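Report on the structure
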Amino acid sequence: MSTPGPGEHSSKAPQIAGVPRHVAIIMDGNGRWANARGLPRTEGHRAGEEALMDTIAGALEIGVKHLTVYAFSTENWKRSPKEVRFLMGYSREVLRRRRDQLNEWGVRIHWWGRRPRLWKSVINELQAAEKLTRENEKLHFNMAVNYGGRAEITDAVRQIAGEVAAGELTAKGITEDAVRRRLYAPDSPDVDLLIRTGGEQRISNFLLWQCAYAEFAFNPVAWPEYNREELWDDILAYTGRERRFGGAIEKVAGK
Ligand code: IPE
Ligand code: IPE
Ligand code: MG
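Let us look at the structure shown here. (Residues numbered from 1 in each chain as written. Chains lettered and ligands numbered in written order. Predicted model: local features only at pLDDT ≥ 70, side-chain atom pairs only at ≥ 80, totals over all residues. Heavy atoms only, no water.)

Description of the site of ligand 2
Inclusion rule: The near set for a molecule or strand comprises every residue that places at least one heavy atom within 4 Å of it. Within 3.5 Å is the distance limit for a polar contact, defined as a pair of N or O atoms, with the added protein rule that one can donate a hydrogen and the other accept it, and that residues adjacent in sequence qualify only through two side-chain atoms. Areas reported here follow the Shrake-Rupley algorithm with a probe of radius 1.4 Å; residue values treat only the protein chains shown as occluding. The rule is simple: put a 1 Å grid over the protein atoms alone, call a set of points where a 1.4 Å probe fits but cannot get out a cavity, call an open set with protein on both sides within 12 Å along at least five of seven lines a pocket, and count a residue as lining if it has an atom within 4 Å of a point. A molecule is counted as occupying a cavity or pocket when more than half of its atoms fall within 2 Å of that pocket's grid points. Helix numbering and strand numbering both begin at the N terminus, where a helix is a DSSP run of H or I of at least 4 residues and a strand a DSSP run of E of at least 2. Each residue gets one of three labels, nonpolar for Ala, Val, Leu, Ile, Met, Phe, Trp, Tyr, Cys and Pro, charged for Asp, Glu, Lys and Arg, and polar for the others, Gly among them.
Close to ligand 2 lie Ile26, Met27, Asp28, Tyr70, Ala71, Phe72, Asn76, Arg79, Arg196, Arg202 and Ser204. Residue Arg196 places a side-chain N or O atom 3.3 Å away from an oxygen atom belonging to ligand 2. At 2.8 Å, a side-chain N or O of Arg202 approaches an oxygen atom of ligand 2. Here ligand 2 loses 77% of its free accessible area of 380 Å² to cover by the protein chains. Structurally, ligand 2 is housed in the largest pocket. Of the residues forming the shell around ligand 2, the biggest block, three residues, is contributed by strand 2 (residues 66-73). Residue composition of the shell around ligand 2, by class: five nonpolar, two polar and four charged.

Right, here's the structure in full:
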């Protein structure tokens, strides 16, 4: 399976101003998509691979610089052993199958997530992909695997407490910036646009810190049917929003 690379697809990305720097996606709706077609849930995850590759190509084409996708949450361990096993094995396979193509596209892969419980073979594959693509700079592609927003913040807090106890940090030194610097990717910018496919309207413990001022797009399309054109539509809608970050703009009617 080969996805048309950046510039190879018949549809072209719209040339627009104000493209979000950091887009995050909750790739949801796989199981329901499969069940509606009389297939087991795992077939929905399988169908999501092409959607992911097409979306990455679309992000490159429109000029997104950071793309973070939710592949497996710290809560997804609650699923049946069969589904968990499938998801672990499948993330490993997708990484192995697609890393060369992503490398050719100039994508730099990063893993965001917690180590405990995550399969060692998945960690190895994630690290191999990080190593292979470390010189690339067109797009930072962050794969959230065994990721939880609360886990990320809790781990940062634990690290800070250790530093305070060791006398390396004072209580006064615990600023927002000090917390941010202890997250998985301190240099990654905040999320500008959070997209959730599959119709649900919730954050499900994704990027709690980084989404403080994100704009949200809830797209009813199930993840297996998402693609670069859907991404461009969601981005286009985002560019029409007015982001205020707590500030205010005076706009008196008629003046
Ligand atoms: C998202 O799709 C993929 C993962 C959580 C790994 P789901 O598997 O949650 O699909 P639905 O939401 O049940 O349809
Ligand atoms: C969020 O989707 C996690 C991923 C997409 C990996 P879920 O399907 O797990 O979220 P809930 O259970 O509907 O909140
Ligand atoms: Mg779901």
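A look at helix 4 (residues 120-132)
Put simply, the rule is: One less than the number of residues in a helix, times 1.5 Å, gives the span that helix is expected to have. We call a residue buried when its accessible area falls under 20% of the maximum for its residue type, exposed when it is over 50%, and partly exposed in between, using a 1.4 Å probe and counting protein chains only. Working note: the arc is built from the helix axis to C-beta atom directions. Residue contacts are counted whenever heavy atoms from the two residues lie within 4.5 Å of one another.
Helix length check: helix 4, at 13 residues, gives a terminal C-alpha distance of 18 Å against a target of 18 Å (1.5 Å per residue), a fit within 8%. Among all positions in helix 4, only Val122, Ile123, Glu125, Leu126 and Ala129 are buried. Each buried residue of helix 4 sits inside an arc of 165 degrees when the element is viewed along its axis, so together they form one side. Those residues of helix 4 that are exposed and aimed more than 90 degrees away from the buried face are Lys120 and Lys131. Contacts from the buried residues of helix 4 go to helix 3 (81-104), strand 3 (107-112) and strand 4 (139-147).

Some remarks on the packing of helix 2 (residues 41-62) against helix 3
The condition that has to hold: Every axis corresponds to a line fitted to the C-alpha atoms, with the helix fit spanning only the stretch in contact, and the corresponding angles, defined between N-to-C directions, vary from 0 to 180 degrees. For classification, angles of less than 35 degrees are called roughly parallel, those exceeding 145 degrees roughly antiparallel, those between 65 and 115 degrees roughly perpendicular, and all remaining angles oblique. Here a crossing is called left-handed whenever its near helix is offset anticlockwise from the far helix by less than a right angle, and right-handed whenever the offset is clockwise.
Following both chains from N to C, one finds helix 2 and helix 3 inclined at 25 degrees, their axes separated by 11 Å at the closest point. Compared by their axis directions, helix 2 and helix 3 come out roughly parallel. Between helix 2 and helix 3 the crossing geometry is right-handed. On helix 3, the residues that touch Arg41, Thr42, His45, Arg46, Glu49, Glu50, Met53 and Ile56 of helix 2 are Glu83, Phe86, Leu87, Tyr90, Val94, Arg97, Arg98, Gln101 and Leu102. Its residues placed into classes, the contact of helix 2 with helix 3 shows seven nonpolar, three polar and seven charged.

Some points on helix 5 (residues 149-165)
In an α-helix there are 3.6 residues to a turn, and that puts residues three or four apart on one side. Between its first and last C-alpha, helix 5 extends 24 Å over 17 residues, near the 24 Å set by a 1.5 Å rise per residue. Residues of helix 5 that are buried: Gly149, Ala151, Glu152, Ala156, Ile160 and Glu163. Gly167 lies just past helix 5 and shows a positive phi near 80 degrees.

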